[in-house]
Amino acid sequence: MEIFSKDKLKKMLKGAKKIAIIGAGNILRGDDAVGVLTAYRLKRLAPRRALVLIGEVYPESYLDVVAKDDEITHVIYIDAVDAGEELGKAMFVDIDEIPQGLFDTHKLPMRFFWSYLEKLGKKLIIIGIQVKNIKIGSSISRELFDKAMRIADEIYKVLEEL
């Protein structure tokens, strides 16, 4: 995993026509909501050339939307991750380096979801954000919420520069 940076994201999005952004997570499990809340922030900012989708625990429900839109060349998938890092650290996650079980809070195995997007010819960018507490019924920590908003703002700035 590589630490998230605006410069790296800009390089990864080179040549993008339209970008789908999918925020995943469970809003009932504390910090696991980080991907969803990041996507909500991006949806509110309304970046040009981006389709922001709130995937929650069923991000696969948007496969058809992304597959049918030939303009979409890149997909940014944002989700909670527990990689033993500092709370709120954002990382680019390589699909081939993901340990089994790292993204197992969803209904469809994420490896299938991501592989399908790549088979469609979409360039996939996975951004994992380090979480701490994912207990059912808990709320996202204030610190993580603030970091998620800053990450969303950074993604927005990159998208507006394309």
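Check the entry above for the structure.
Criteria and cut-off values
Residues numbered from 1 in each chain as written. Predicted model: local features only at pLDDT ≥ 70, side-chain atom pairs only at ≥ 80, totals over all residues. Heavy atoms only, no water. Patch = residues over 30% accessible without salt bridge, like charges linked within 9 Å, V, L, I, M, F, W, Y side chains within 5 Å. Areas by Shrake-Rupley, 256 points an atom, 1.4 Å probe, with all protein chains shown as cover. Salt bridge = Lys/Arg side-chain N within 4 Å of Asp/Glu carboxyl O. Helix = DSSP H or I, 4+ residues; strand = E, 2+ residues; numbered from the N terminus. Buried < 20%, exposed > 50% of the residue type's maximum accessible area, 1.4 Å probe, protein only. Expected span 1.5 Å × (residues − 1). Contact = heavy atoms within 4.5 Å. Pairing = 2+ DSSP bridges.

Okay, a nonpolar patch on the surface next. Nonpolar side chains collect at one region of the surface, where Phe 112, Tyr 116 and Leu 120 lie side by side and expose about 270 Å² of accessible area between them. Tracing the sequence through the fold places Phe 112 in helix α4 (residues 110-119). Among the residues examined, Phe 112 registers a relative accessible area of 48% and is labelled partly exposed.

We now examine helix α2 (residues 34-45). Its 12 residues place the ends of α2 17 Å apart at the C-alpha level, agreeing with the 16 Å of an ideal helix rising 1.5 Å per residue. Along α2, the residues classified as buried are Val 34, Gly 35, Val 36, Thr 38, Ala 39, Arg 41 and Leu 42. Residues of α2 that are buried in the fold lie against β2 (18-24), β3 (50-56), β4 (72-81), β6 (123-130) and α5 (142-161). Backbone geometry just after α2 places Ala 46 at a positive phi near 55°.

Moving on to the pairing of β4. For β4, a buried count of 10 out of 10 residues is recorded, marking the element as mostly surrounded by other parts of the structure. Summarising the sheet, β2 and β4 pair through 6 bridges and their orientation is parallel. Looking across to β4, one finds that Gly 23 is bridged to Ile 78.

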